[in-house]
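Here is what each chain is made of, one letter per residue.
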Amino acid sequence: MTIALQVLLAVISLLLILLILLHKGRGGGMSDMFGGGVTSSLGSSGVAERNLNRLTIALGVSWGLIVVALGLLIQVDVDI
């Protein structure tokens, strides 16, 4: 069970990195340094941005729950 959760955590972590990098830059900071400050007509629409936000939040919450579950499982394994 622990190994399955660790693999799932790794996959979700990579997906979160990808989704966070897909977000539009808000201007200033790190996004401008990597070219995020340049406006283009190829940006995502409002609906796509909302769906990207929802997916990112859902994966973030599931990532947190898996981390807590792994912590509890490892703690139980140590106590036995």
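Above this text sits the structure in question.
Caption draft 1: Up close: helix 1 (residues 2–22). The terminal C-alpha atoms of helix 1 lie 30 Å apart, and with 21 residues this matches the ideal 30 Å at 1.5 Å per residue to within 8%. Inspection of helix 1 places Leu5, Leu9, Ile12, Leu16 and Leu19 among the buried residues, and these make up the whole buried set. Along the axis of helix 1, the buried positions cluster into a sector of 95 degrees, meaning they face one direction only. Pointing more than 90 degrees away from the buried face of helix 1 are the exposed residues Ile3, Val7, Leu14, Leu21 and Leu22.

Caption draft 2: Examining the side chain of Thr56 more closely. Position of Thr56 relative to the elements: it lies in helix 3 (residues 46–79). In contact with Thr56, not counting residues within four places along its chain, are Leu16, Leu19, Ile20 and His23.

Caption draft 3: Representation of the nonpolar core within the structure. Within the largest apolar cluster, nine residues are counted, these being Leu5, Leu9, Ile12, Leu16, Leu19, Leu52, Leu59, Ile66 and Leu70. At the level of secondary structure, the elements contributing two or more residues to this core comprise helix 1 and helix 3. Per element, the largest residue contribution to this core is five residues, and it comes from helix 1. Once residues lying within four places of it in the same chain are set aside, the contact partners of Ile12 are Leu59, Ser62, Trp63 and Ile66.

Caption draft 4: Region of interest: the environment of Ala10. By secondary structure assignment, the location of Ala10 is in helix 1. A residue is classified by how much of its surface remains accessible, and Ala10, at 40% relative accessible area, is partly exposed. Separated by 53 residues in sequence, Ala10 and Trp63 have C-alpha atoms that sit 9.3 Å apart.

Caption draft 5: Region of interest: the environment of Leu9. Among the structural elements, Leu9 can be located in helix 1. With relative accessibility at 18%, the residue Leu9 sits in the buried group. Along the backbone, Leu9 and Ser62 are 53 residues apart, and their C-alpha atoms lie at a distance of 8.9 Å. Residues within four places of Leu9 in sequence aside, it is in contact with Trp63, Ile66, Val67 and Leu70.

Caption draft 6: Structural context of a nonpolar patch on the surface. Judged by side-chain polarity, Ile3, Val7, Val11, Leu15, Leu18 and Leu22 come together as a nonpolar surface patch covering roughly 570 Å² of accessible area. Turning to its location among the elements, Leu15 is positioned in helix 1. A relative accessible area of 39% places Leu15 in the partly exposed class.

The rules behind these values
- Residues numbered from 1 in each chain as written.
- Predicted model: local features only at pLDDT ≥ 70, side-chain atom pairs only at ≥ 80, totals over all residues.
- Heavy atoms only, no water.
- Helix = DSSP H or I, 4+ residues; strand = E, 2+ residues; numbered from the N terminus.
- Expected span 1.5 Å × (residues − 1).
- Buried < 20%, exposed > 50% of the residue type's maximum accessible area, 1.4 Å probe, protein only.
- Arc of directions from axis to C-beta.
- Contact = heavy atoms within 4.5 Å.
- Core = buried A, V, L, I, M, F, W, Y, C linked by side-chain atoms within 4.5 Å.
- Patch = residues over 30% accessible without salt bridge, like charges linked within 9 Å, V, L, I, M, F, W, Y side chains within 5 Å.
- Areas by Shrake-Rupley, 256 points an atom, 1.4 Å probe, with all protein chains shown as cover.
- Salt bridge = Lys/Arg side-chain N within 4 Å of Asp/Glu carboxyl O.

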